[in-house]
Amino acid sequence: MNNHKTDLKNLTLPALEQFLQGQGKERFRATQIFKWIYQHDARSFEEMTNISKDLRTQLSETACISTLEPEAVEVGNDGTRKYLFNLADGHAVESVLIPIEGRNTICISSQVGCAMACEFCLTGTFKLTRNLTTAEIVNQIMAVRQDVRDTGEEIRNIVMMGMGEPLHNLDNVIPAIRIMIDGNGLQLSNRRVTVSTCGLVPEMERLGREVPNINMAISLNATTDELRDRIMPVNRRYPLKELMRACKAFPLPGRRKITFEYVMLGGVNDSLEDAKRLLRLISDIPNKVNLIPFNEHEGCEFRAPTQAAIDAFHKYLIDRHVTVITRDSRGSDISAACGQLKGRLEK
Ligand code: SAH
């Protein structure tokens, strides 16, 4: 990528308007260009045939349009597809397409590595290498969309649950979300975009202020500060009480609910006592629960819970009218299940 050129995929529509204005161009061209990029997947200015040749030539001198090409695509037995993307500087990230009854969901990454150091998470063991740019975030979606279009399908849901902590990279994540939900951009409904966090409280507040109406998922994973401090270091900064207060204050429209993700670690947090405490913690917040049986990975001492523990935990919550989904390990045969993504971070 040319360093002196502005990558237009880093710009929201208002930012693109400003960019054009700064170059002495007409602002309204921004909408046309935005549509070319996000709705027609234009990769060059030459393609933008409703824009004058002069402007196209000038733009190509100061701006560029980046893309990501999958370096490898692995297809799992259940149709899950894992994409490995090489970034311009040689790092790599992964995205996962999860086909669920025609409602394709893409799980995208927000950082190379992660600084949060959750004890059970593979990405966390690699530390943070760098933030992804806005362009690198939206390009994951566009590359996967391109790939599934060849089979006549569309993308319905975006979950920011891949590598990295999206709330640790809000300066790039917020513009990326704006591009996703822009009617001239990727045209996704805000109801279909979910940001998942380990619990960075001030950033939850900022996200709620700046992009209200998207979905929030909280990786809770423990019901006492004692255990959460141990397995998720972020809890030492923002303990459960503060986190739950931030959840309660998060601006949710209508009947929308906060998703509480709960990675079940065998013998660690999977007892009925935990289920009881979980219920107590979330009961005054509009909630649904995602139980995620721990996906084992090499070098990590935690173990998957037994099926009996999963069933009992699930039943305890269902019996008390909580909406619970126990995630199956989709894509586990291609290391694309939750917490298995690692890009190419190994030394
Ligand atoms: N940083 C964000 C998003 C990435 S992690 C967050 O913490 O929410 C996405 C989800 O995968 C989180 O709920 C996390 O707890 C879970 N996870 C991480 N490692 C896992 C593993 N080995 N097995 C199952 N789930 C895991």
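Residues numbered from 1 in each chain as written. Predicted model: local features only at pLDDT ≥ 70, side-chain atom pairs only at ≥ 80, totals over all residues. Heavy atoms only, no water.

Caption draft 1: Just the pattern of salt bridges, in detail. One pass over the structure, following the stated rule, counts 20 salt bridges. Put simply, Glu17 and Arg27 hold a salt bridge, and the shortest N to O gap is 2.8 Å. Of this pair, Glu17 sits in helix H1 (residues 13-22) while Arg27 is found in the loop between H1 and helix H2 (29-38), placing the two residues 10 residues apart along the sequence. Of the residues examined, Arg27 reaches a relative accessible area of 38% and is grouped as partly exposed. Notably, a salt bridge pairs Arg327 with Glu261, separated by 3.4 Å at the nearest N-O pair. A residue pair is termed long-range when its members are at least 10 positions apart, and Arg327 in the segment after strand S14 (324-326) and Glu261 in strand S12 (residues 258-264) qualify at 66 residues. Grouping residues by exposure puts Arg327 and Glu261 together as buried. It is possible to trace a salt-bridge network through shared partners that takes in Asp41, Arg145, Arg149 and Glu154. (Salt bridge = Lys/Arg side-chain N within 4 Å of Asp/Glu carboxyl O. Helix = DSSP H or I, 4+ residues; strand = E, 2+ residues; numbered from the N terminus. Buried < 20%, exposed > 50% of the residue type's maximum accessible area, 1.4 Å probe, protein only.)

Caption draft 2: Local environment of helix H9 (residues 240-249). Burial in H9 covers these residues: Leu240, Leu243, Met244, Ala246 and Cys247. Take H9 and look down its axis: the buried residues cluster within an arc of 155 degrees, on one side only. In this structure, H9 carries Lys241, Arg245, Lys248 and Ala249 as exposed residues pointing more than 90 degrees from its buried face. Elements in contact with the buried residues of H9: helix H6 (201-210), strand S11 (215-219), helix H7 (225-231), helix H8 (234-237), S12 and helix H10 (272-282). (Arc of directions from axis to C-beta. Contact = heavy atoms within 4.5 Å.)

Caption draft 3: Highlighting the packing of aromatic side chains. Within this structure, the stated rule accounts for four aromatic pairs. Seen in terms of ring centroids, Tyr83 and Phe85 are 6.1 Å apart; in terms of plane orientation they differ by 5 degrees. Their pairing is stacked. For the pair Tyr83 and Phe85, a shared accessibility class is recorded, and that class is buried. An angle of 75 degrees between the planes, with centres 6.2 Å apart, marks the rings of Phe294 and Phe302 as edge-to-face. (Phe/Tyr/Trp six-rings, centres within 6.5 Å; stacked < 30°, edge-to-face > 60°.)

Caption draft 4: Focus on unusual backbone geometry. Not every positive phi belongs to a glycine, and Asp41 is a case in point at roughly 50 degrees. Inspection of the secondary structure assignment puts Asp41 in the loop between H2 and helix H3 (53-62). Within the chain, Ser335 stands out as a residue other than glycine whose phi angle is a positive 50 degrees. Within the secondary structure layout, Ser335 lies in the segment after S14.

Caption draft 5: The environment of Asp41, seen in detail. Accessibility expressed as a relative area gives 15% for Asp41, which makes it buried. Between the C-alpha atoms of Asp41 and Glu298, which are 257 residues apart in sequence, the distance is 39 Å. Aside from chain neighbours lying at most four places away, what touches Asp41 is Trp36, Glu47, Met142, Arg145, Gln146 and Arg149. Within the structure, Asp41 has its side chain in polar contact with the side chain of Arg145 (distance 3.0 Å). (Polar contact = N/O pair within 3.5 Å; in protein donor to acceptor, adjacent residues only side chain to side chain.)

Caption draft 6: Region of interest: the sheet that holds strand S6 (residues 104-107). Here we have 10 strands laid out as an open sheet, ordered S3-S4-S5-S6-S9-S10-S11-S12-S13-S14, and mixed in their pairing. Taken across any chain shown, the strands that pair with only one partner, and hence form the sheet edges, are strand S3 (70-75) and S14. Each strand of the sheet is rotated relative to its neighbour by a mean of 20 degrees, with strand direction disregarded. Where S11 meets S12, three bridges bridge the pair, whose relative direction is parallel. Each bridged residue has a counterpart across the sheet, and for Ile218 the counterpart in S12 is Phe260. (Pairing = 2+ DSSP bridges. Axes fitted to C-alpha atoms, helices over the stretch in contact; angles between N-to-C directions.)

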